[in-house]
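# Working through the structure, step by step
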Amino acid sequence: MPRLGLLLALLIASVPAFGQDRRSDEHSYAQPDKVRIRDLALDLAVDFDKRQLSGSATLGLEWVDPAQRDLVLDTRDLAIAAVEARNGKRKFREVPFVLAERDERFGSKLTITLPRQFEQVRIRYATSPEASGLQWLSPAMTAGGKTPFMFSQSQAIHARSWVPLQDTPSVRFTYTARIRTPADVMALMSADNDPAAVRDGDYSFSMPQAIPSYLMAIAAGDLVFKPISARAGVWAEPQTVDKAVKEFEDTEKMIEVTESLYGPYRWERYDLLILPPSFPFGGMENPRLSFITPTVIVGDKSLVSLIAHELAHSWSGNLVTNASWKDMWLNEGFTSYVENRIVEALYGKPRADMEFVISRNGLLDQLKDLPAERQVLVLPMRGGSDPEDALGAVAYDKGAWFLQFLEQRYGREDFDAFLRAWFDTHAFQSADSDQFLAFLKSGLMAKRPGVVSEAEVMAWLTQPGVPAFAPQTASPRFDAVDAARASWLEQRAAARDLDTAAWTTQEWVYFLEGLPEVVDAERLVELDQAFRFTGTSNGELAQRWYPLSVRSGYFEARPAMSLFLRKIGRRKLVMPTYDALSKSEEGLAFATQIFAMARPGYHPITSASVEALLARARAAQKTAD
Ligand code: BES
Ligand code: ZN
């Protein structure tokens, strides 16, 4: 029966590889299959007193569905004053709109009803002082102490809190902006920042390459520029800029190495913006201008893999973009892999291996209490889920591990060419896991049959945990750390007699992570006297030392710990200490006190995470009572 055969073949072909049609973005109200934003023109005033951006956003539209009349946008806590529409250069005229009730996770759907398919829609609006994607800092929270500061953090779905748009990574648009600030304030965007711009409070930007909404970015404050190379440099407060240029002096070399692996850097300039310590992340890959936490400036370049990471996103993420957040491994896993290749090329294999071991130990640790359905790279459609759920070691480190597996099986030469082709053929497009799988199958797997089986690939992509056949990374340097730690723990050597002279941040991190959950407080005194962990300015050490001190009842560390939690707002660095504190009644009370003091200086993202953690701990202690 040939017809049945045909039907069956059609049916099989239309069953998606991951058992589900995963093409739509459940984190956005937009309907990109009907109409798409192609261009955005912003005209905004920055008001530090009101903690508000206000002005207009003009959207240039491409209509996909001829029957479509409504334009549905994402917004969150925006005050919409008016919506207008026009064709060409004609006069704008007002059109009706409906702002839906606010959804806690996704904000308010804005439906604009148009009489016909206008080319441009202009929205006059203002942001809320509580906008989830903006932080407003008083002068006291900056290094200079005199000028206020503000910055955006749009990923994953916070762009909608400062611009009304289609807030989905499946839509790309170019943009221009005119930004007005107080005259002594410098404004920057993820666009063509001019290193020689005159500071006058009136700035124009243009981003001619199409980007997704989560890469929209703005910052304003007392910012100055110093070059690293002809196309790279640092924007920072005057107090920080020289230290940053020194720490990140290898940035140009990083760009060159990545270009030699994956093709030209396609964004013209690559600058770093050093934010105040309240920046909630390590870094954010805003195109042409990565946003960077100051906590990686430790004086010895030991944490510059963060720069390698944000730079790598110029290929994996900004050039080829995950089509929705459930495919975040395509951004973060690829980037973590490329990051490690850059580190290896610049600082050698031992350093790259140490970094892989540290992040994989972190992954294995997280897997212990992660439900099986969240341990997979290719996450299923889940309406209503928070996109930040995908933010964890699985997307980053399991993703990178998978690519390293492919690299080892096929060899560097073929695998590098394959990755380069992935970036080239999908440049300035969004892609999902189905597309990657198809590209892998028709590329490497077809050309080199028998090297990697489909079952192996599917195990990486769709099974929980890490496959038993995953490549293992050995680190002789860490073996030496294991030996030193053991001799101290078994009291064969005093702390000050350990051979630690050549240790870098990575060895110290590994040393601390390998200590038992609890160590006698007197023994921590000995460690502390030898190595001065308490009060360390290295956040990677602080985020491991303070929780250990809490678990071990080493109260002498408390004043410095409290200072650390109040000064630093980078979520990853402060959460482990709040978590350790929240395990006892006394600790929870102490944490609650510190949080009350720290909160005005925290970014909404960090505040929300700490708040949720403390609330869970309070509830748990109540039921235990
Ligand atoms: N794009 C991410 C930050 C991000 C991810 C923000 C998801 C919001 C939602 C950035 O590139 C990143 O991964 N930053 C890491 C540093 C990196 C070296 C692992 C961070 O901030 O810790
Ligand atoms: Zn990243």
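The chain has the name Aminopeptidase N in an unreviewed UniProt entry, where Arenimonas metalli CF5-1 is given as its organism. We quote the UniProt Sequence similarities (unreviewed entry) comment for the chain here in full: "Belongs to the peptidase M1 family." As stated in UniProt under Subcellular location (unreviewed entry), the record for the chain gives "Cytoplasm".

This paragraph deals with the UniProt feature "active site" (unreviewed entry) in the chain. In the numbering used here, UniProt assigns the feature "active site" (unreviewed entry) to Glu310 and Tyr396. A stretch of 87 residues holds the annotated residues, and the largest C-alpha distance among them is 12.9 Å, short enough that they meet in one place. For Glu310, the location among the structural elements is in helix α4 (residues 305-312). Leaving out residues up to four positions away in the same chain, Glu310 has contacts with Tyr270, Gly283, Met284, Glu285, Ser290 and Ile292. Note that Tyr396 resides in helix α7 (residues 393-410). Note on Tyr396: relative accessible area 22%, which makes it partly exposed. Setting aside chain neighbours within four positions, we find Tyr396 in contact with His309, Met328, Glu332, Gly333, Ser336 and Leu391. At 3.5 Å, the side chain of Tyr396 forms a polar contact with the side chain of Glu332.

A separate point is the UniProt feature "binding site: Zn(2+)" (unreviewed entry) in the chain. Under the local residue numbering, the UniProt record ascribes the feature "binding site: Zn(2+)" (unreviewed entry) to His309, His313 and Glu332. Despite a sequence span of 24 residues, these residues sit close together in the fold, their greatest C-alpha distance being 8.9 Å. As for its placement among the helices and strands, His309 is situated in helix α4. If near-sequence neighbours (up to four positions away) are discounted, His309 is found in contact with Glu332, Thr335, Ser336, Glu339 and Tyr396. Of the polar contacts made by the side chain of His309, one reaches the side chain of Glu332; its length is 3.1 Å. With respect to the element layout, His313 can be found in the loop between α4 and β20 (320-322). Those residues in contact with His313, other than ones at most four positions away along the chain, are Glu285, Asn318, Leu319, Asn331, Glu332 and Thr335.

Looking now at the packing of helix α11 (residues 476-489) against helix α12 (residues 505-513). Two quantities define a packed helix pair, namely the angle between the axes and the distance from one axis to the other. Two numbers describe how α11 lies on α12: the axes approach to 10 Å, and their chain directions differ by 45°. With respect to their mutual orientation, α11 and α12 come out oblique. As α11 runs across α12, the sense of the crossing is right-handed. Mapping the contact onto sequence places Arg477, Phe478, Val481, Asp482 and Arg485 in α11 and Gln506, Glu507, Tyr510 and Phe511 in α12.

What follows covers the domain arrangement of the chain. Each assigned domain of the chain is listed here: domain 1 (28-222), domain 2 (224-314), domain 3 (327-382 + 389-462) and domain 4 (519-624). Placing a centre on the C-alpha atoms of domain 3 and another on those of domain 4 gives a separation of 33 Å.

What follows is about the pattern of salt bridges. Applying the stated criterion across every chain yields a total of 46 salt bridges. In this structure, Asp74 engages Arg160 in a salt bridge whose closest nitrogen and oxygen atoms are separated by 3.8 Å. A residue pair is termed long-range when its members are at least 10 positions apart, and Asp74 in strand β3 (residues 70-75) and Arg160 in the loop between β10 (149-152) and β11 (172-180) qualify at 86 residues. In this structure, Asp74 and Arg160 share a single accessibility class: buried. Residue Glu490 pairs with Arg492 through a salt bridge whose shortest N-O separation is 2.6 Å. Relative accessible area serves as the criterion here: at 56%, Arg492 is assigned to the exposed category. It is possible to trace a salt-bridge network through shared partners that takes in Lys246, Glu249, Asp250, Lys253 and Lys301.

With respect to the secondary-structure elements, Arg351 resides in helix α6 (residues 349-368). A polar atom in the side chain of Arg351 sits 3.3 Å from the backbone oxygen of Ser302. The contacts of Arg351, once residues within four sequence positions are left out, are Lys301, Ser302, Leu303, Val304, Val343 and Gln506.

If you check α11, its first and last C-alpha atoms are 20 Å apart, about what 14 residues at 1.5 Å a residue would give, namely 20 Å. Every buried residue of α11 is listed here: Phe478, Val481, Ala484, Arg485, Ser487 and Trp488. Contact partners of the buried residues in α11: α6, α12 and α13 (521-531). Backbone geometry just after α11 places Gln491 at a positive phi near 60°.

Mapped onto the elements of the fold, Ser24 is located in the loop between α1 (2-14) and β1 (35-47). For the pair formed by Ser24 and Ala219, sequence separation is 195 residues and the distance between their alpha carbons is 31 Å. Look past the residues within four positions of Ser24 in its chain and what remains in contact with it is Ser324, Lys326 and Met381.

Strand order across the open sheet formed by 7 strands is β5-β4-β8-β2-β1-β11-β13, with mixed pairing between neighbours. Taken across any chain shown, the strands that pair with only one partner, and hence form the sheet edges, are β5 (93-94) and β13 (202-212). Here β11 runs beside β13; their pairing, made up of 8 bridges, is antiparallel. Note on β13: the bridge partner recorded for Arg178 is Ser204.

Another aspect to go through is unusual backbone geometry. Omega for the bond connecting Gln155 with Ala156 falls within 30 degrees of zero, at 0°, which places this linkage in the cis form. Among the structural elements, Ala156 can be located in the loop between β10 and β11. Non-glycine residue Asp77 carries a positive phi angle of around 55°. On the secondary structure map, Asp77 appears in the loop between β3 and β4 (79-86). A residue is classified by how much of its surface remains accessible, and Asp77, at 25% relative accessible area, is partly exposed.

Rules and cut-offs
Residues numbered from 1 in each chain as written. Chains lettered and ligands numbered in written order. Predicted model: local features only at pLDDT ≥ 70, side-chain atom pairs only at ≥ 80, totals over all residues. Heavy atoms only, no water. UniProt positions renumbered as here; feature names shortened; annotations may be inferred. Helix = DSSP H or I, 4+ residues; strand = E, 2+ residues; numbered from the N terminus. Contact = heavy atoms within 4.5 Å. Buried < 20%, exposed > 50% of the residue type's maximum accessible area, 1.4 Å probe, protein only. Polar contact = N/O pair within 3.5 Å; in protein donor to acceptor, adjacent residues only side chain to side chain. Axes fitted to C-alpha atoms, helices over the stretch in contact; angles between N-to-C directions. Parallel < 35°, antiparallel > 145°, perpendicular 65-115°, else oblique. Left-handed = near helix turned anticlockwise from the far one by under 90°. Domains from an automatic or database assignment. Salt bridge = Lys/Arg side-chain N within 4 Å of Asp/Glu carboxyl O. Expected span 1.5 Å × (residues − 1). Pairing = 2+ DSSP bridges.

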